[in-house]
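Notes for the structure review
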Amino acid sequence: MSIAKLDQRNLILFDLDGTLVDSAFDLYRAMNLSLARLNLPLVTEQQVRVWIGKGTSLFCQSTLQYLKGDVDPSLHQQLLDTFLEIYNAEPCVDTQPFHGIIEFLDWGLKNHKKMICVTNKPEQPARKILDVLQMSHYFDDVVGGDRFEVRKPDPKPLLYCVEAFETTVEQTLMIGDSSNDVEAARRAGIDCVVVSYGYNHGEDIQLCQPQQIVDDLIELLA
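Residues numbered from 1 in each chain as written. Predicted model: local features only at pLDDT ≥ 70, side-chain atom pairs only at ≥ 80, totals over all residues. Heavy atoms only, no water.

Moving on: the overall build of the protein chain. Broken down by element type, the protein chain carries nine helices and eight strands. A compact globule built from 222 residues should have a C-alpha radius of gyration of about 17 Å, and the protein chain, at 17 Å, falls within 12% of that. Projected onto its principal axes, the C-alpha coordinates of the protein chain cover approximately 55 × 35 × 30 Å. Of all 222 residues assigned to the protein chain, the portion counted as buried reaches 53%. (Helix = DSSP H or I, 4+ residues; strand = E, 2+ residues; numbered from the N terminus. Rg over C-alpha atoms; globule rule 2.2 N^0.38 Å. Buried < 20%, exposed > 50% of the residue type's maximum accessible area, 1.4 Å probe, protein only.)

Take a look at the structure:
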C-alpha cells in the first residue's frame, strides 16, 4: 500500500543529492582536487559514494578519518573551506538526474503540485545544479542547508515549507534517500517515501524504518 497518496498532496518536498540527481562523481572530483591542493593522498569514487549523504562537513570528516585515523580540527576546517571553494565553482560537470525523475517532475507540474527542493547542500551550488540541468522551473523554491541555523534531520526546513506555502503536514509529502530525510519528516509529522538508489552514508536505508521505499519514482505514478 503506497503512502504517497499523491492525489491528496499539494506540496512535495525533494532532497537533491542521491534523490533527484546523482552528484557523486562531481563530489569525488572536487574532493580529490581539494586533497591534492593540501598535499594529501587521493580517494576513490567508491569510497566517496559511501561517505556522502549527510552534509559536507561530515564528508570531509569521514575522508580525513580514513586518511589520517583521526581528525585534526584545523585540517578539517582547511579541507572543508578548500572543498567548498572548488566544488561550488563547478558543482555540475557530470551530475545527472536519476532515472524517472524528470517524468515525475513533469507529472507534478502538470498536476499543479507545489514542489520544493530541500537539501543540506548550500543553496548556491544546489541552485546552480538545477539551473545547469534545466530543472529549476519545476521548483517553487530551493531551501539550502545554509538557509537556517539548523538543517535536516531537524524538521525546521520542512515545516518552513509547509508554512510558507500555506498548506498542512497532511497535504505534504517528503521524498528523500537518507536517514536525515526520514528523521526530519518523522519529526515534522510528514509522510516520507525514500528511493533505494541514493546515498545514506553507506548504511542500509531500511535500518531507519522508512514508511515506503521505491526503486524509481515512476512507481508512485502507477
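Further notes follow.
Attention now moves to the environment of Asn111. By secondary structure assignment, the location of Asn111 is in the loop between helix 5 (101–110) and strand 4 (114–118). The partly exposed category is assigned to Asn111, whose relative accessible area is 33%. Between the C-alpha atoms of Asn111 and Val142, which are 31 residues apart in sequence, the distance is 20 Å.

So, about the packing of helix 1 (residues 24–37) against helix 3 (residues 56–68). At a minimum axis distance of 12 Å, the contact between helix 1 and helix 3 shows a crossing angle of 55 degrees. Taken together, helix 1 and helix 3 sit at an angle that is classed as oblique. The two elements helix 1 and helix 3 cross, and the hand of that crossing is right-handed. Contacts between helix 1 and helix 3 involve Leu27, Met31 and Leu35 on the former and, on the latter, Phe59, Cys60, Thr63 and Leu67. A class-by-class count of the residues in the contact of helix 1 with helix 3 yields six nonpolar, one polar and no charged. (Axes fitted to C-alpha atoms, helices over the stretch in contact; angles between N-to-C directions. Parallel < 35°, antiparallel > 145°, perpendicular 65-115°, else oblique. Left-handed = near helix turned anticlockwise from the far one by under 90°. Contact = heavy atoms within 4.5 Å. Nonpolar A, V, L, I, M, F, W, Y, C, P; charged D, E, K, R; others polar.)

Before going further, it helps to examine unusual backbone geometry. Phi is mostly negative for residues that are not glycine, and the peptide bonds are mostly trans. Cis geometry is found at the peptide bond from Lys152 to Pro153, where omega equals 15 degrees. Note on placement: Pro153 falls in the loop between strand 5 (141–143) and helix 7 (156–164). Even without being a glycine, Glu166 presents a positive backbone phi close to 50 degrees. With respect to the helices and strands, Glu166 occurs in the loop between helix 7 and strand 6 (172–176).

Take the side chain of Asn200 next. With respect to the helices, strands and loops of the structure, Asn200 is situated in the loop between strand 7 (191–195) and strand 8 (212–214). Apart from residues no more than four positions distant in its own chain, Asn200 is found in contact with Ile52, Lys54, Asp177, Ser178, Ser179 and Ile205.

Turning next to the pairing of strand 1 (residues 11–14). What you see with strand 1 is no split at all: Leu11 and Leu13 on one side and Ile12 and Phe14 on the other are buried throughout. When strand 1 meets strand 4, the two strands line up parallel, connected through four bridges. Residue pairing across strands places Leu11 opposite Lys114, the latter belonging to strand 4. (Pairing = 2+ DSSP bridges.)

Take the pattern of salt bridges next. Under the defined criterion, the tally for this structure stands at 15 salt bridges. In this structure, Asp181 engages Lys152 in a salt bridge whose closest nitrogen and oxygen atoms are separated by 2.8 Å. Taken together, the residues span a long stretch of sequence, with Asp181 in helix 8 (residues 179–188) and Lys152 in the loop between strand 5 and helix 7 at a distance of 29 residues. Judged on exposure class, the residue Asp181 and its partner Lys152 are both buried. (Salt bridge = Lys/Arg side-chain N within 4 Å of Asp/Glu carboxyl O.)

Turning our attention to the environment of Gln47. Along the polypeptide, Gln47 turns up in helix 2 (residues 45–51). Residue classification places Gln47 among the buried positions, given a relative accessible area of 19%. Taking the C-alpha atoms as reference points, Gln47 and Ser196, 149 residues apart in sequence, are found 18 Å from one another.

All buried positions along helix 7 are accounted for by Pro157, Leu158, Cys161 and Val162. The buried side chains of helix 7 occupy one side of the element, clustering within an arc of 145 degrees when seen end-on. Where the residues of helix 7 are buried, they touch strand 1, strand 4, strand 5, strand 6 and helix 8. Positive phi appears at Glu166, one or two residues downstream of helix 7, with a value of about 50 degrees. (Arc of directions from axis to C-beta.)

Among the structural elements, Ser178 can be located in the loop between strand 6 and helix 8. The exposure class assigned to Ser178 is buried, which follows from its relative accessible area of 2%. Excluding its chain neighbours within four sequence positions, the residues that come into contact with Ser178 are Gly53, Tyr199, Asn200 and Ile205.

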